[in-house]
Each structure stands twice: as structure tokens, then as C-alpha cells.
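Notes for the structure review
Spelled out, the chains give:
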Amino acid sequence: MRDFQRLNAKCQMPNACLECRRGEFTVSTDRNRIDLDVVHGFLTECYWAQGIPRDVVARSIENSLCFGLYTEGKQVGFARVITDYATFAYIGDVFVLESLRGRGLGKWLMECIMQHPRLQGLRRWSLVTRDAHGLYAQLGFEPLKKPQNYMELHNPDVYRQTGQ
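Residues numbered from 1 in each chain as written. Predicted model: local features only at pLDDT ≥ 70, side-chain atom pairs only at ≥ 80, totals over all residues. Heavy atoms only, no water.

**Thoughts on unusual backbone geometry**
Test applied: By the criteria applied, helices consist of DSSP H or I runs no shorter than four residues and strands consist of E runs no shorter than two, each listed in order from the N terminus.
Despite not being glycine, Tyr85 has its phi angle at roughly 60°, a positive value. Position of Tyr85 relative to the elements: it lies in the loop between strand S5 (74–83) and strand S6 (88–96).

**A look at the packing of aromatic side chains**
Worth spelling out the cut-off: Two aromatic rings, drawn from Phe, Tyr or Trp (for Trp, its six-membered ring), form a pair once their centres lie within 6.5 Å of each other, and the interplanar angle then sorts them: stacked below 30 degrees, edge-to-face above 60, tilted otherwise. In this scheme, Lys NZ or Arg CZ marks a charge over a ring once it lies within 6 Å of the ring centre and within 35 degrees of the ring normal.
Applying the stated criterion to the full structure yields five aromatic pairs. Pairwise contacts between aromatic rings join Phe42, Tyr47, Trp48, Phe78 and Phe95 into one cluster. The lysine or arginine in question, Arg33, covers the ring of Tyr70, its NZ or CZ lying 4.1 Å from the ring centre.

**Thoughts on the state of the cysteines**
Selection rule: The term disulfide is used for any two cysteine sulfur atoms that are within 2.5 Å.
Evaluation of the coordinates by the stated rule reveals zero disulfides. The thiol of Cys112 is unpaired, and the distance to the nearest cysteine sulfur, on Cys20, comes to 3.0 Å.

**Describing the pattern of salt bridges**
This is how the line gets drawn: A side-chain nitrogen of Lys or Arg and a carboxyl oxygen of Asp or Glu constitute a salt bridge if their distance falls within 4 Å. Using a 1.4 Å probe on the protein chains alone, a residue whose accessible area is under 20% of its type maximum counts as buried, one over 50% counts as exposed, and one in between counts as partly exposed.
One pass over the full model with this rule turns up six salt bridges. Residues Glu19 and Arg33 are paired through a salt bridge, measuring 3.0 Å at the closest nitrogen-oxygen approach. Pair noted here: Glu19 is in strand S2 (residues 18–22) and Arg33 is in the loop between strand S3 (25–28) and helix H1 (36–43), with a separation of 14 residues, a long-range link. Looking at Arg33, the relative accessible area reads 30%, which means it is partly exposed.

**A few points about the packing of H1 against helix H2 (residues 54–62)**
The condition is simple: Note on geometry: axes are lines fitted to C-alpha atoms, helical ones only across the stretch in contact, with angles between N-to-C directions running from 0 to 180 degrees. What makes a crossing left-handed is the near helix being turned counterclockwise from the far one by less than a right angle; a clockwise turn instead makes it right-handed. It only takes one pair of heavy atoms within 4.5 Å for two residues to be counted as in contact. Residues were grouped as follows: Ala, Val, Leu, Ile, Met, Phe, Trp, Tyr, Cys and Pro as nonpolar; Asp, Glu, Lys and Arg as charged; and all remaining residues, including Gly, as polar.
For the pair H1 and H2, interaxial distance at closest approach is 10 Å and the crossing angle is 115°. Viewed along their axes, H1 and H2 form a crossing whose handedness is right-handed. Residues Leu36, Asp37, Val39, His40 and Leu43 of H1 form the contact with H2, whose own contacting residues are Arg54, Val57, Ala58 and Ile61. When grouped by side-chain class, the residues that make up the contact of H1 with H2 number six nonpolar, one polar and two charged.

**A few points about the confidence of the model for the protein**
Quick reminder of the rule: You can read pLDDT as the predictor saying how much it trusts each residue, on a scale of 0 to 100.
The pLDDT averaged across the protein works out to 90; a share of 88% of its residues lies at or above 70. Low pLDDT (under 50) marks residues 6–13, which in the prediction has 23 contacts with non-local residues, meaning those over four places away or in another chain.

**Describing the pairing of strand S7 (residues 124–127)**
Where we set the bar: In this analysis, strands are considered paired if DSSP registers two or more bridges between them.
Inspection of the sheet shows S6 paired to S7 by four bridges, in the parallel sense. Looking at the pairing, Tyr90 lines up with Ser126 of S7.

**Overview of helix H3 (residues 105–115)**
With eight of eleven residues buried, H3 is to be regarded as a mostly interior element. Turning to H3, its buried residues number three or more, namely Leu105, Gly106, Trp108, Leu109, Met110, Cys112, Ile113 and Gln115.

**Regarding the nonpolar core**
Nonpolar side chains tend toward joint burial in soluble globular proteins. Using the following cut-off: Here, nonpolar core refers to any group of buried Ala, Val, Leu, Ile, Met, Phe, Trp, Tyr and Cys residues whose side-chain atoms link them within 4.5 Å.
In terms of nonpolar packing, the biggest core is built from 27 residues, with Met110 and Ile113 touching the most fellow members. Of all the secondary-structure elements, those providing two or more residues to this core are S3, strand S4 (65–71), S5, S6 and H3. No other element matches the six residues that H3 contributes to this core. Ignoring any residue separated from it by four or fewer positions in sequence, one finds Met110 in contact with Ile91, Val94, Leu127, Tyr136, Leu139 and Phe141. Judged by nonpolar contacts, the second largest core, of 14 residues, contains Ile34, Val56, Val57 and Phe78.

Set out below in C-alpha cells:
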């Protein structure tokens, strides 16, 4: 488990919640600690999820392995992993609040994610970014080797449509 500590907290996952600590900061997989107001507040303003409804954020948290970044009891960062725990993981919604950027917290959050015991031995990790290629390259991510093999169905206006 390297840097992770098992917690006795009740979790939604089959395994106990895990924590990783560095100085005053903690990364935790305890969903009960997630501040939906902070996560939704950030995501609804960011380029990749602008306007996302609160209930959609809540549902995405419910159906993902989530990592919250905390200091002094307050949430200051977040990321989630969509995975089958066997072959594939997609990392999404990674952020550190702007006031704490430039301190290596984004890289550390990603290291904690990639060290998680249930995410070891996966064949493929994936993510999408517009502006953080340098961060992810430090962790071994690289551009698609065969982008022609990948396909997507992308609806960038989904949060503006009625019924969401």
C-alpha cells in the first residue's frame, strides 16, 4: 500500500477507505468527506464540465472511486476514477483549488491515485486534458500512440439541454 493507510471509516467500496498524508494535506477515498458544494462549484465553472448540474456531479461521485484532497478539514482538491478494477481506469475531474496550485499537490494527488492498491496491474489508464500535459507526462502518460484507433461520441452541450 506504500503511502496509503487503511481507515476504519465506513465506505461504499468493498475495501476500507484509504488515506495518504503529506504534511498538512490528506488525500482520502472516504466519500463521506467529499464536499459536494466544493466539487460542484469548481466543476460547473471549469472548461470541461461548465454548467454541469449538481445532481449529475453527485451521481458521478456515487459511481466512481473518488479522491478528495483536504487541509485543515476543508476540501481543496478532487479527482475520480472510473474503472472495472481489472483492466482499465479513466481519470477525470482532477482539480486543486487555484489558491493552492503551484505546490505540487496535483502531482501528489495523481501519485496517490496511481498507488491505490485496487488500481494496480491495470492494462490501460486514460484521461483527457486540454492544458495539463506536462503534469501527466511526469507520471508516464503520453499522447495516444494510435489515435486513429480511438472513437468517441461527444456531446459538449449536454448540460445546456433540458432534462439534465
